[in-house]
Amino acid sequence: TSKAYAESSARVRITGNISTTHGGGIMSNGHLELGEEGPEQPVHLEISKTVVGSKEGNENKEWNFTLSLSDAEGNPLQQDSIVCVTEEGETGELVPNTLLLENGQTTFVLKHGQKIIFDDLPEGTIYHVVEDEANQDGYLTQVSGSAESIAVEDENDATKVIGAEGQIRAQGETVRVDFFNKLVSDLTVSKFVAGESNAKDKDWEFVLTLKDEDGNA
């Protein structure tokens, strides 16, 4: 191994350590070098999709999302595109892709069980992601994920959410945002009495039993 290679590979180097007096030793003079500062580590954003509430579950339905990305000062990311990977839930297959960015904003689609991963975001990236069809067609949208994420409320109903936002602060940090769409239904029960007029004021008792899709109460 050459001296030049050894010096270039070293993480700790002591140089100029010379003493002509009694008691001289390491660091009595000279220099101590503790390697070099490593490259800045990118941050990561993972967004997943799960559909629950029916056996079919519309697993092949494509759900549209809008993602806005800003730098640590709140300015839209100044780049034309962003690299991502879509992960298939059942097979784990990774499909690379490149999405166009316009003023820091892009769109993408996810199906049930899929996850999209953005791996090359700068430290301090601010994200805002919403589901375009949130709380529509009988589905209730729910969002969970990393502690740093803040829910984005539905402007039409403050009790519901449509997405999440936050900031990825630490180098190498991964933030997750998980979207769940649950199929919900409304049930209305009415009563009509015909015939005897005095029965119209009678209280009728009903027994309602609710079961899940597998027949469990």
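No experiment lies behind these values; they were computed from the predicted model shown.

J.: Residues and numbers for the confidence of the model for the chain, please.
T.: On average, residues of the chain carry a pLDDT of 81, and 72% of them reach 70 or more. Scored below 50 in pLDDT, residues 1-5 shows one contact in the model against residues more than four places distant or in partner chains.

J.: With reference to specific residues and values, describe the sheet that holds strand E5 (residues 81-87).
T.: Taken together, six strands build an open sheet; the order of strands is E6-E5-E8-E3-E13-E10 and the sheet is mixed. Since the sheet does not close on itself, it has two edges, and those belong to strand E6 (94-100) and strand E10 (139-145), each with one partner. Across the sheet, the mean angle from the axis of one strand to that of its neighbour is 20°, orientation sign disregarded. Both E5 and strand E8 (residues 115-121) contribute to a ladder of three bridges, which runs antiparallel. Across the sheet, residue Thr86 finds its bridge partner in E8, namely Ile116.

J.: Describe in detail the packing of aromatic side chains, supporting the description with residues and values.
T.: The final tally for this structure, using the stated rule, is four aromatic pairs. The interplanar angle of 70° and the centroid separation of 4.9 Å between the aromatic rings of Phe65 and Phe179 together place this pair among those described as edge-to-face. In this pair, Phe65 is assigned in strand E4 (residues 63-70) and Phe179 in strand E13 (residues 174-183), connecting sequence segments 114 residues apart. A residue is classified by how much of its surface remains accessible, and Phe65, at 0% relative accessible area, is buried. Arranged with centres 6.1 Å apart and planes meeting at 65°, the rings of Phe108 and Phe118 form a pair that is edge-to-face. With Phe108 in strand E7 (residues 105-110) and Phe118 in strand E8, this pair connects stretches of sequence that are 10 residues apart. Looking at Phe108, the relative accessible area reads 6%, which means it is buried. Relative accessible area serves as the criterion here: at 0%, Phe118 is assigned to the buried category. These aromatic residues form a ring-pair network of at least three members: Phe65, Phe108, Phe118 and Phe179. The ring of Trp63 has Lys49 sitting right over it, with the charged end atom 4.1 Å from the ring centre. The side chain of Lys61 reaches across the aromatic face of Trp63, ending 4.8 Å from its centre.

J.: With reference to specific residues and values, describe the pairing of strand E9 (residues 126-131).
T.: Relative to E9, E4 runs antiparallel, the two sharing six bridges. Within E9, the residue paired with Leu67 across the bridge is Val129. Bridge count between E9 and strand E12 (residues 157-167): five bridges; the pairing is antiparallel. Bridging across to E12, Tyr127 finds its partner in Gly166.

Definitions and limits used
- Residues numbered from 1 in each chain as written.
- Predicted model: local features only at pLDDT ≥ 70, side-chain atom pairs only at ≥ 80, totals over all residues.
- Heavy atoms only, no water.
- pLDDT = per-residue confidence, 0-100.
- Contact = heavy atoms within 4.5 Å.
- Pairing = 2+ DSSP bridges.
- Helix = DSSP H or I, 4+ residues; strand = E, 2+ residues; numbered from the N terminus.
- Axes fitted to C-alpha atoms, helices over the stretch in contact; angles between N-to-C directions.
- Phe/Tyr/Trp six-rings, centres within 6.5 Å; stacked < 30°, edge-to-face > 60°.
- Buried < 20%, exposed > 50% of the residue type's maximum accessible area, 1.4 Å probe, protein only.
- Lys NZ or Arg CZ within 6 Å of the ring centre and 35° of its normal.

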